[in-house]
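The residues making up each chain are set out below.
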Amino acid sequence: MYDSIISVAGLTVELGGNPVLQGMELAVAPGEIVAVVGPNGSGKSTLLRCLAGLQPATSGTVQVFGETPADDAAFWRRVALLSDEPAWYPGLTAREHLELMGAVYAEARMTVDTALETFDLVERADAPPLNLSTGQRQRLSLASALLRPSTLLLLDEPERGLDTGFRASLADLLDEYADEGGTVVMATHDLGLAARARQVSPSGAVAA
Ligand SMILES: Nc1ncnc2c1ncn2[C@@H]1O[C@H](COP(=O)(O)OP(=O)(O)OP(=O)(O)O)[C@@H](O)[C@H]1O
(Lines give C-alpha, C1' and ligand atoms only; values in the text may rest on other atoms or scores of the structure.)
Protein backbone atom coordinates (compact mmCIF):
# COMPACT_ATOMS: atom_id res chain seq x y z
CA MET A 1 0.00 0.00 0.00
CA TYR A 2 1.00 3.65 -0.24
CA ASP A 3 0.51 6.61 2.14
CA SER A 4 0.52 9.04 -0.78
CA ILE A 5 -1.75 8.37 -3.72
CA ILE A 6 0.48 10.77 -5.67
CA SER A 7 4.16 11.25 -5.14
CA VAL A 8 6.14 13.68 -7.30
CA ALA A 9 9.86 14.17 -6.68
CA GLY A 10 12.24 16.48 -8.50
CA LEU A 11 9.91 16.63 -11.49
CA THR A 12 11.36 18.59 -14.36
CA VAL A 13 9.63 18.84 -17.74
CA GLU A 14 11.05 20.63 -20.74
CA LEU A 15 8.79 21.43 -23.67
CA GLY A 16 10.24 22.78 -26.88
CA GLY A 17 13.56 23.20 -25.10
CA ASN A 18 12.05 25.35 -22.32
CA PRO A 19 11.79 24.25 -18.70
CA VAL A 20 8.07 24.23 -17.78
CA LEU A 21 8.36 22.39 -14.44
CA GLN A 22 11.57 22.53 -12.46
CA GLY A 23 12.26 20.14 -9.61
CA MET A 24 8.64 20.01 -8.46
CA GLU A 25 7.77 18.12 -5.28
CA LEU A 26 4.24 17.03 -4.39
CA ALA A 27 2.66 14.41 -2.17
CA VAL A 28 -1.10 13.90 -2.12
CA ALA A 29 -2.80 11.68 0.45
CA PRO A 30 -5.92 9.63 -0.32
CA GLY A 31 -9.06 11.72 0.24
CA GLU A 32 -7.36 15.07 -0.32
CA ILE A 33 -8.57 17.81 -2.64
CA VAL A 34 -5.62 19.69 -4.15
CA ALA A 35 -5.89 22.83 -6.28
CA VAL A 36 -2.95 23.55 -8.59
CA VAL A 37 -2.93 27.33 -8.93
CA GLY A 38 -0.75 29.84 -10.75
CA PRO A 39 -0.69 32.18 -13.69
CA ASN A 40 -1.26 31.22 -17.33
CA GLY A 41 1.65 29.20 -18.63
CA SER A 42 2.97 28.25 -15.20
CA GLY A 43 2.69 24.52 -15.89
CA LYS A 44 -0.59 23.46 -14.26
CA SER A 45 -1.87 21.48 -17.25
CA THR A 46 1.57 20.01 -17.81
CA LEU A 47 1.58 18.71 -14.24
CA LEU A 48 -1.87 17.15 -14.71
CA ARG A 49 -0.70 15.51 -17.93
CA CYS A 50 2.28 14.05 -16.05
CA LEU A 51 -0.07 12.69 -13.37
CA ALA A 52 -2.24 11.17 -16.11
CA GLY A 53 0.73 9.43 -17.72
CA LEU A 54 0.31 11.54 -20.87
CA GLN A 55 3.50 13.60 -20.50
CA PRO A 56 6.82 11.96 -19.64
CA ALA A 57 9.15 13.62 -17.16
CA THR A 58 12.41 15.03 -18.49
CA SER A 59 13.87 14.12 -15.10
CA GLY A 60 12.56 13.26 -11.66
CA THR A 61 9.81 10.82 -10.77
CA VAL A 62 6.01 10.72 -10.77
CA GLN A 63 4.19 7.96 -8.95
CA VAL A 64 0.44 7.44 -8.88
CA PHE A 65 -0.90 4.50 -6.84
CA GLY A 66 2.74 3.66 -6.13
CA GLU A 67 3.72 3.28 -9.79
CA THR A 68 4.75 5.41 -12.74
CA PRO A 69 1.40 6.37 -14.31
CA ALA A 70 0.80 4.45 -17.52
CA ASP A 71 -1.69 5.41 -20.19
CA ASP A 72 -3.34 1.98 -20.06
CA ALA A 73 -6.71 0.41 -19.30
CA ALA A 74 -5.93 -0.55 -15.69
CA PHE A 75 -4.88 3.04 -14.89
CA TRP A 76 -7.95 4.61 -16.53
CA ARG A 77 -10.25 2.26 -14.61
CA ARG A 78 -9.15 4.13 -11.47
CA VAL A 79 -8.67 7.61 -12.86
CA ALA A 80 -11.26 10.01 -14.31
CA LEU A 81 -9.78 12.89 -16.30
CA LEU A 82 -11.51 16.07 -17.38
CA SER A 83 -9.41 18.28 -19.62
CA ASP A 84 -10.27 19.58 -23.08
CA GLU A 85 -13.80 19.06 -24.35
CA PRO A 86 -14.30 15.38 -25.23
CA ALA A 87 -15.30 14.16 -28.67
CA TRP A 88 -19.07 13.71 -28.51
CA TYR A 89 -20.77 10.77 -30.24
CA PRO A 90 -22.73 12.09 -33.22
CA GLY A 91 -26.43 11.33 -32.94
CA LEU A 92 -26.42 10.61 -29.20
CA THR A 93 -28.20 12.88 -26.74
CA ALA A 94 -26.82 14.20 -23.47
CA ARG A 95 -28.78 11.49 -21.60
CA GLU A 96 -27.42 8.78 -23.91
CA HIS A 97 -23.84 9.91 -23.29
CA LEU A 98 -24.44 9.40 -19.57
CA GLU A 99 -26.18 6.07 -20.21
CA LEU A 100 -23.05 4.91 -22.03
CA MET A 101 -21.00 5.63 -18.90
CA GLY A 102 -23.56 3.79 -16.78
CA ALA A 103 -23.47 0.79 -19.14
CA VAL A 104 -19.68 0.55 -19.13
CA TYR A 105 -19.18 0.92 -15.38
CA ALA A 106 -21.23 -1.57 -13.35
CA GLU A 107 -20.95 0.40 -10.13
CA ALA A 108 -21.82 3.92 -11.20
CA ARG A 109 -21.67 6.54 -8.43
CA MET A 110 -25.13 7.81 -9.35
CA THR A 111 -27.97 7.00 -11.71
CA VAL A 112 -28.32 8.83 -15.01
CA ASP A 113 -31.46 10.59 -13.69
CA THR A 114 -29.61 11.72 -10.57
CA ALA A 115 -26.70 12.97 -12.69
CA LEU A 116 -29.06 14.92 -14.95
CA GLU A 117 -30.66 16.55 -11.90
CA THR A 118 -27.38 17.15 -10.07
CA PHE A 119 -25.83 18.79 -13.11
CA ASP A 120 -29.00 20.72 -13.98
CA LEU A 121 -29.41 19.08 -17.37
CA VAL A 122 -32.91 17.60 -17.08
CA GLU A 123 -34.46 20.06 -19.50
CA ARG A 124 -31.71 19.52 -22.09
CA ALA A 125 -31.37 15.75 -21.60
CA ASP A 126 -32.69 14.91 -25.06
CA ALA A 127 -30.51 17.40 -26.92
CA PRO A 128 -27.21 16.41 -28.56
CA PRO A 129 -24.24 17.92 -26.69
CA LEU A 130 -23.37 20.23 -29.59
CA ASN A 131 -26.78 21.89 -29.16
CA LEU A 132 -26.02 22.70 -25.51
CA SER A 133 -24.46 25.92 -24.25
CA THR A 134 -20.77 25.95 -23.35
CA GLY A 135 -21.53 25.73 -19.63
CA GLN A 136 -24.11 22.99 -20.16
CA ARG A 137 -21.55 20.96 -22.14
CA GLN A 138 -19.04 21.42 -19.34
CA ARG A 139 -21.66 20.21 -16.85
CA LEU A 140 -22.22 17.14 -19.05
CA SER A 141 -18.46 16.45 -19.08
CA LEU A 142 -18.37 16.78 -15.29
CA ALA A 143 -21.45 14.57 -14.95
CA SER A 144 -19.71 11.85 -17.00
CA ALA A 145 -16.58 12.10 -14.87
CA LEU A 146 -18.48 11.98 -11.58
CA LEU A 147 -21.04 9.34 -12.59
CA ARG A 148 -18.40 6.72 -13.24
CA PRO A 149 -16.56 5.15 -10.32
CA SER A 150 -12.95 6.27 -9.82
CA THR A 151 -10.33 6.65 -7.14
CA LEU A 152 -8.61 9.74 -8.51
CA LEU A 153 -10.17 12.67 -10.28
CA LEU A 154 -7.88 14.87 -12.41
CA LEU A 155 -9.63 18.07 -13.48
CA ASP A 156 -8.14 20.76 -15.71
CA GLU A 157 -10.05 24.00 -15.11
CA PRO A 158 -13.36 22.34 -14.20
CA GLU A 159 -14.88 25.82 -13.75
CA ARG A 160 -14.57 26.56 -17.47
CA GLY A 161 -17.88 28.02 -18.68
CA LEU A 162 -19.70 27.46 -15.38
CA ASP A 163 -21.81 30.19 -13.79
CA THR A 164 -21.08 31.30 -10.23
CA GLY A 165 -23.88 29.25 -8.68
CA PHE A 166 -22.79 26.01 -10.28
CA ARG A 167 -19.14 26.59 -9.32
CA ALA A 168 -20.24 26.51 -5.67
CA SER A 169 -22.25 23.32 -6.31
CA LEU A 170 -19.18 21.78 -7.93
CA ALA A 171 -17.13 22.44 -4.79
CA ASP A 172 -19.80 20.57 -2.78
CA LEU A 173 -19.73 17.66 -5.25
CA LEU A 174 -15.93 17.41 -4.97
CA ASP A 175 -16.22 17.41 -1.17
CA GLU A 176 -18.67 14.50 -1.43
CA TYR A 177 -16.28 12.63 -3.73
CA ALA A 178 -13.44 13.12 -1.25
CA ASP A 179 -15.68 12.12 1.69
CA GLU A 180 -16.18 8.79 -0.12
CA GLY A 181 -12.38 8.36 -0.13
CA GLY A 182 -11.65 9.75 -3.60
CA THR A 183 -8.76 12.09 -4.28
CA VAL A 184 -9.02 15.21 -6.43
CA VAL A 185 -6.25 17.17 -8.16
CA MET A 186 -7.49 20.12 -10.20
CA ALA A 187 -5.85 22.98 -12.05
CA THR A 188 -8.02 26.00 -11.42
CA HIS A 189 -8.26 29.77 -11.70
CA ASP A 190 -11.42 29.80 -9.56
CA LEU A 191 -10.71 31.39 -6.19
CA GLY A 192 -13.72 29.75 -4.55
CA LEU A 193 -12.77 26.24 -5.65
CA ALA A 194 -9.15 26.85 -4.68
CA ALA A 195 -10.11 28.21 -1.24
CA ARG A 196 -11.78 24.91 -0.39
CA ALA A 197 -8.73 22.84 -1.40
CA ARG A 198 -5.08 22.54 -0.44
CA GLN A 199 -3.38 24.92 -2.81
CA VAL A 200 -0.09 24.13 -4.53
CA SER A 201 1.73 25.90 -7.30
CA PRO A 202 3.78 24.26 -10.06
CA SER A 203 6.74 26.31 -8.80
CA GLY A 204 6.35 25.24 -5.16
CA ALA A 205 3.80 25.13 -2.35
CA VAL A 206 1.66 28.20 -1.73
CA ALA A 207 -0.03 29.21 1.48
CA ALA A 208 -3.63 28.01 1.80
N1 LIG B 1 3.74 21.29 -26.79
C2 LIG B 1 4.37 22.33 -26.27
N3 LIG B 1 5.56 22.73 -26.76
C4 LIG B 1 6.23 23.77 -26.23
N5 LIG B 1 5.78 24.48 -25.18
C6 LIG B 1 4.61 24.13 -24.64
C7 LIG B 1 3.84 23.04 -25.16
N8 LIG B 1 2.71 22.92 -24.42
C9 LIG B 1 2.76 23.90 -23.49
N10 LIG B 1 3.89 24.63 -23.62
C11 LIG B 1 4.31 25.76 -22.79
O12 LIG B 1 4.49 25.25 -21.48
C13 LIG B 1 4.12 26.24 -20.53
C14 LIG B 1 3.14 25.64 -19.53
O15 LIG B 1 1.92 25.35 -20.18
P16 LIG B 1 0.68 24.80 -19.38
O17 LIG B 1 -0.42 24.56 -20.38
O18 LIG B 1 1.09 23.65 -18.53
O19 LIG B 1 0.33 26.05 -18.43
P20 LIG B 1 -0.94 26.32 -17.50
O21 LIG B 1 -0.42 26.75 -16.17
O22 LIG B 1 -1.85 25.15 -17.52
O23 LIG B 1 -1.61 27.57 -18.24
P24 LIG B 1 -3.13 28.10 -18.31
O25 LIG B 1 -3.44 28.74 -16.98
O26 LIG B 1 -3.07 29.10 -19.41
O27 LIG B 1 -4.02 26.93 -18.64
C28 LIG B 1 3.56 27.41 -21.31
O29 LIG B 1 4.57 28.42 -21.40
C30 LIG B 1 3.25 26.83 -22.67
O31 LIG B 1 3.37 27.82 -23.66
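Predicted model only: the values in this text are computed from it and were never measured.

A. Focus on the site of the ligand. Residues in contact with the ligand amount to 13 residues; listed here are only the nearest, Gly41, Lys44, Ser45, Thr46 and His189. The contact in question runs from an oxygen atom of the ligand to an N or O atom on the side chain of Asn40, over 3.0 Å. Take Thr46: an N or O atom from its side chain is 2.6 Å from an oxygen atom of the ligand. Against a free-state accessible area of 650 Å², the protein chains account for coverage of 55% of the ligand.

B. Representation of the sheet that holds strand β4 (residues 59–64) in the model. Overall, antiparallel pairing links the three strands, which are arranged β2-β1-β4 in an open sheet. Bordering the open sheet on either side are β2 (18–28) and β4, each of which pairs with just one other strand. Strand-to-strand, the axes of this sheet are offset by a mean angle of 25°, without reference to chain direction. In the sheet, strand β1 (residues 6–15) pairs with β4 via five bridges, with the strands oriented antiparallel. Bridging across to β4, Thr12 finds its partner in Ser59.

C. View of the pattern of salt bridges. This model, assessed by the stated rule, comprises 10 salt bridges. Where Arg167 meets Asp190, a salt bridge forms, and the shortest distance between an N and an O atom there is 2.8 Å. One end of the pair, Arg167, is in helix α6 (residues 164–179); the other, Asp190, is in the loop between β7 (183–187) and α7 (191–195), and 23 residues separate them in sequence. For Arg167, a relative accessible area of 25% corresponds to the partly exposed category. Ionic pairing is found between Asp175 and Arg196, a salt bridge with its closest N-O pair at 2.7 Å. Of this pair, Asp175 sits in helix α6 while Arg196 sits in the loop between α7 and β8 (198–201); the two residues are 21 residues apart in sequence, bridging distant segments of the chain. Owing to a relative accessible area of 26%, Asp175 belongs among the partly exposed residues under this scheme. Taking the relative accessible area as the measure of exposure, Arg196 reaches 38% and is therefore partly exposed.

D. How the structure looks around unusual backbone geometry. One non-glycine residue, Phe65, lies in the positive phi region at around 55°. By secondary structure assignment, the location of Phe65 is in the loop between β4 and α2 (73–78). The backbone of Glu157 sits at a positive phi, close to 50°, despite the residue not being glycine. Looking at the secondary structure, you find Glu157 in the loop between β6 (152–156) and α6.

E. Geometry of α6. Taking 1.5 Å per residue, 16 residues should reach 22 Å; α6 reaches 23 Å between its end C-alpha atoms and fits that length. Within α6, the full set of buried residues consists of Phe166, Leu170, Ala171, Leu173, Leu174, Tyr177 and Ala178. Within α6, the buried residues cover an arc of 165° as seen down the axis, which keeps them to one side. Set apart from the buried face of α6 by more than 90 degrees, the exposed residues are Thr164 and Asp179. The elements touched by buried residues of α6 are β3 (33–36), α4 (112–118), α5 (134–147), β6, β7 and α7. Looking at where α6 begins, the residue whose side-chain oxygen comes 3.2 Å from the main-chain nitrogen of Gly165 is Asp163. Gly181 sits one or two positions beyond α6 and adopts a positive phi of about 105°.

Parameters at a glance
Residues numbered from 1 in each chain as written. Predicted model: local features only at pLDDT ≥ 70, side-chain atom pairs only at ≥ 80, totals over all residues. Heavy atoms only, no water. Near = heavy atom within 4 Å. Polar contact = N/O pair within 3.5 Å; in protein donor to acceptor, adjacent residues only side chain to side chain. Areas by Shrake-Rupley, 256 points an atom, 1.4 Å probe, with all protein chains shown as cover. Pairing = 2+ DSSP bridges. Helix = DSSP H or I, 4+ residues; strand = E, 2+ residues; numbered from the N terminus. Axes fitted to C-alpha atoms, helices over the stretch in contact; angles between N-to-C directions. Salt bridge = Lys/Arg side-chain N within 4 Å of Asp/Glu carboxyl O. Buried < 20%, exposed > 50% of the residue type's maximum accessible area, 1.4 Å probe, protein only. Expected span 1.5 Å × (residues − 1). Arc of directions from axis to C-beta. Contact = heavy atoms within 4.5 Å.

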